Protein chains: 2
Amino acid sequence: MSNTLPLNEAEMRAWRAVIDGSWHLQTRLDDELRAATGLSISDYHVLVLLSEAPDRRLRMGGIAGRLVFSPSRLTYQISAMEKRGLVRRQPCPDDRRGSEAVLTDAGLDALRQAAPGHLTAVRRYLVDDLDEAEAEVLTRVFTRLQAKLRETQ
Amino acid sequence: MSNTLPLNEAEMRAWRAVIDGSWHLQTRLDDELRAATGLSISDYHVLVLLSEAPDRRLRMGGIAGRLVFSPSRLTYQISAMEKRGLVRRQPCPDDRRGSEAVLTDAGLDALRQAAPGHLTAVRRYLVDDLDEAEAEVLTRVFTRLQAKLRETQ
DNA sequence: CGCTGGTCGTTCAGATTTTAAGGAAGTAGG
DNA sequence: CCTACTTCCTTAAAATCTGAACGACCAGCG
């Protein structure tokens, strides 16, 4: 139940800072990652997801759900990565409608090569400037946000 | 000068929460705004920017800079909005290379109609859950982030 | 002036994403 | 089994976005 007053000034400032800041940050990280490795931030996210998945494989729908990709976008994304040898596609064993994306060795290599630089950028732009309390607040606020987004579908 | 250690667990948690959370939030707000008003979040941002500008007009480059849009994207964006009557394009008086986008009355109406619902959504997903201290931290962190991004171009 | 080098938007081709429409399989009720 | 209904993913066409190339213009200099 949220009230419908316009945001007050502090709220507005916080809100705009978050929206603008996170957007600019995404853009910058994507640019740097592309320049350094040829991977887009989407490629990178897919690689991370698969690398952490049991047996390095996930259903299409699972990936799409986590990355908030439309099914067709995911199809395109995985196809593109498949062409470059980063992932392989396999029919899903227990559900013949579905297919799985599997991380290849080349894909894992690409991730291992990209990660340090990317994380350094994350550090440079954000993490290094956070003190412990700030990190804690960010984690709390954004985790709560995600929970709220999920619970409303 | 940032160190090159991998992120520790708390840092990683904070980082991922921010990235995922802000991305999901953007997506959700865009979806709701589209459904309610037919405006994309980009349309909305352009409208807000122009509505706050002196004389309701801005140079193309000025808009592109603030929204982190490529020049060609901005051209496309403004053209699309022009077709719908939300903005008008005018040659820039003091620099004949440039052009300005001017908010039309219809554009201002569209914004006024869209804003309350959008702000309510912002409230529902984020602002209402923030206490004062949290809002303050978010403002501080993301403002600092933007400054850092700007200073490295 | 006439040149040179830079800036401002636009345009065009190509890449990416969305939307709508299927095809193939799973699931439940009769 | 059949029939409907649903889910999973892909395809095709349309919308949007990016990057390179361009034309028009500004600014500085000889």
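Residues numbered from 1 in each chain as written. Chains lettered and ligands numbered in written order. Predicted model: local features only at pLDDT ≥ 70, side-chain atom pairs only at ≥ 80, totals over all residues. Heavy atoms only, no water.

### A closer look at the interface of chain B and chain A
Accessible area lost upon the coming together of the parts serves often as the stated size of an interface. The line we're drawing: Residue contacts are counted whenever heavy atoms from the two residues lie within 4.5 Å of one another. Two parts lose some accessible area (1.4 Å probe) when they are put together, and adding that loss for both gives the buried area. Criterion for a salt bridge: a side-chain nitrogen of Lys or Arg within 4 Å of a carboxyl oxygen of Asp or Glu.
The partner chain A presents 61 residues to the 61 residues of chain B that form the contact. Interface of chain B and chain A: buried area, both sides summed, is about 5,800 Å²; carbon and sulfur atoms make up 64% of it. When the buried area of chain B at its contact with chain A is split by residue, Trp15, Arg123 and Leu149 of chain B rank highest and sum to 11% of it. If you look at where chain B meets chain A, you find 10 salt bridges.

### Considering the protein's contact with DNA strand C
Selection rule: Nearness of a residue to a molecule or strand requires only that one of the residue's heavy atoms be within 4 Å of it. For this analysis, a polar contact is any N or O atom pair within 3.5 Å, provided that within protein one partner can donate a hydrogen and the other can accept it, and provided that sequence-adjacent residues contribute only side-chain to side-chain pairs. Numbering goes from the N terminus for both helices and strands, where a helix is a DSSP run of H or I of at least four residues and a strand is a run of E of at least two.
The immediate surroundings of DNA strand C are formed by 17 residues, with Arg97 of chain A together with Arg59, Thr75, Arg89 and Arg97 of chain B found nearest. Backbone atoms, meaning sugar plus phosphate, form 67% of the atoms of DNA strand C positioned within 4 Å of the protein. Within the side chain of threonine 75 of chain B, a nitrogen or oxygen atom sits 2.8 Å from a phosphate oxygen of DNA strand C. Measuring from a phosphate oxygen of DNA strand C, one finds a side-chain N or O atom of arginine 89 of chain B at 2.5 Å. For the surface near DNA strand C, the elements supplying multiple residues, two or more each, are helix H4 (71–83) of chain A together with helix H3 (60–67) and helix H4 (71–83) of chain B.

### Examining the protein's contact with DNA strand D
Cut-off, in case you're wondering: Only Asp, Glu, Lys and Arg are considered charged, only Ala, Val, Leu, Ile, Met, Phe, Trp, Tyr, Cys and Pro nonpolar, and every remaining residue, Gly among them, polar.
Close contacts around DNA strand D come from 17 residues, with Gly61, Thr75, Arg89 and Arg97 of chain A together with Ser72 of chain B the closest. Among all atoms of DNA strand D positioned within 4 Å of the protein, those belonging to sugar or phosphate total 70%. Take arginine 89 of chain A: an N or O atom from its side chain is 2.4 Å from a phosphate oxygen of DNA strand D. One of the side-chain nitrogen or oxygen atoms of arginine 97 of chain A is found 2.8 Å away from a base oxygen of DNA strand D. Mapped by element, the contributors of at least two residues to the surface near DNA strand D are helix H3 (60–67) and H4 of chain A together with H4 of chain B. Grouping the amino acids of the surface near DNA strand D by side-chain chemistry returns three nonpolar, seven polar and seven charged.

### Looking at the relation of the copies chain B and chain A
What counts is decided by this rule: Here the copies are superposed with least squares, the fitted atoms being C-alpha atoms of residues at a pLDDT of at least 70 in both.
Expressed as a screw operation, the relation of chain B to chain A combines 0.0 Å of axial shift with a rotation of 180°, fitting to an RMSD of 0.1 Å. Here the two chains are linked by the operation of a two-fold rotation axis. If distances are taken from each C-alpha of chain B to the rotation axis, the shortest is found for serine 22 of chain B, at 3.3 Å. With an isologous cut-off of 70% or more, the 100% of interface residues of chain B that recur at the interface of chain A puts this contact in the isologous class.

### A short note on the sheet that holds strand E2 (residues 87–91) of chain B
All names here are of chain B. Here is the rule we go by: Only when DSSP finds a minimum of two bridges between them are two strands counted as paired. All axes here are fitted lines through C-alpha atoms, helices being fitted over the stretch that makes contact, and every angle between N-to-C directions spans 0 to 180 degrees.
Strand order in the open sheet formed by three strands is E1-E3-E2, with antiparallel pairing between adjacent strands. Because the sheet does not close on itself, it has two edges, and the strands there are strand E1 (57–59) and E2. Between one strand axis and the next, the sheet turns by 30° as a mean value, whatever way the strands run. As defined by bridge partners, E1 adjoins strand E3 (residues 99–103) across three bridges and the pair is classed as antiparallel. Within the sheet, the bridge partner assigned to arginine 59 lies in E3 and is glutamate 100. Along the sheet, helix H2 (residues 41–52) makes contact with E1, E2 and E3, crossing E3 at roughly 90°. Contacts between H3 and the sheet are confined to E1, E2 and E3, with E1 contributing the most and set at about 85° to the helix.

### A closer look at the packing of aromatic side chains
Using the following cut-off: The aromatic pairing rule takes the rings of Phe, Tyr and Trp, using the six-membered ring of Trp, and pairs them if the centres are within 6.5 Å, calling planes under 30 degrees apart stacked, those over 60 edge-to-face and the rest tilted. Only protein chains enter the calculation, and the probe is 1.4 Å; a residue is then buried if its accessible area is under 20% of its type maximum, exposed if over 50%, and partly exposed in between. Here, a charge over a ring is recorded when the distance from Lys NZ or Arg CZ to the ring centre is within 6 Å and its angle to the ring normal is within 35 degrees.
A full pass over the atoms with the stated rule returns one aromatic pair over all chains. Relative to phenylalanine 142 of chain B, the ring of phenylalanine 142 of chain A lies with its centre 6.1 Å away and its plane at 50°, an arrangement referred to as tilted. Separated into two different chains, phenylalanine 142 of chain A in helix H6 (residues 132–151) and phenylalanine 142 of chain B in helix H6 (residues 132–151) make up a pair that spans both. Judged by its relative accessible area of 1%, phenylalanine 142 of chain B is buried. The residue whose ring lies beneath arginine 73 of chain B is phenylalanine 69 of chain B, and the NZ or CZ to ring-centre distance is 3.8 Å.

### Observations concerning helix H1 (residues 9–37) of chain B
Residue and element names in this part refer to chain B. Rule in force here: Helix span, as expected, comes to 1.5 Å for every residue beyond the first.
With 29 residues, H1 should reach 42 Å at 1.5 Å per residue; the first-to-last C-alpha distance of 41 Å fits that figure. The backbone nitrogen of alanine 10 lies 2.9 Å from a side-chain oxygen of the residue at the head of H1, namely asparagine 8. Once H1 ends, the next one or two residues include glycine 38, with phi positive near 80°.

### Considerations on the packing of helix H1 (residues 9–37) of chain A against helix H5 (residues 105–125) of chain A
Residues and elements named next belong to chain A. Heads up, the condition is: Between 65 and 115 degrees an angle is taken as roughly perpendicular, under 35 as roughly parallel, over 145 as roughly antiparallel, and anywhere else as oblique. Helix crossings get a hand from a simple test, with the near helix turned counterclockwise from the far one by less than a right angle marking a left-handed crossing and a clockwise turn marking a right-handed one.
Close contact between H1 and H5 brings their axes to 10 Å; oriented N to C, the two are set at 150°. As summarised for this structure, H1 and H5 are arranged roughly antiparallel, according to the angle between their axes. Here H1 runs over H5; the crossing is right-handed. Residues Leu25, Arg28, Leu29, Glu32, Leu33 and Thr37 of H1 pack against Ala114, His118, Ala121, Val122, Arg124 and Tyr125 of H5. Here the contact of H1 with H5 is built from residues that sort into seven nonpolar, two polar and three charged.

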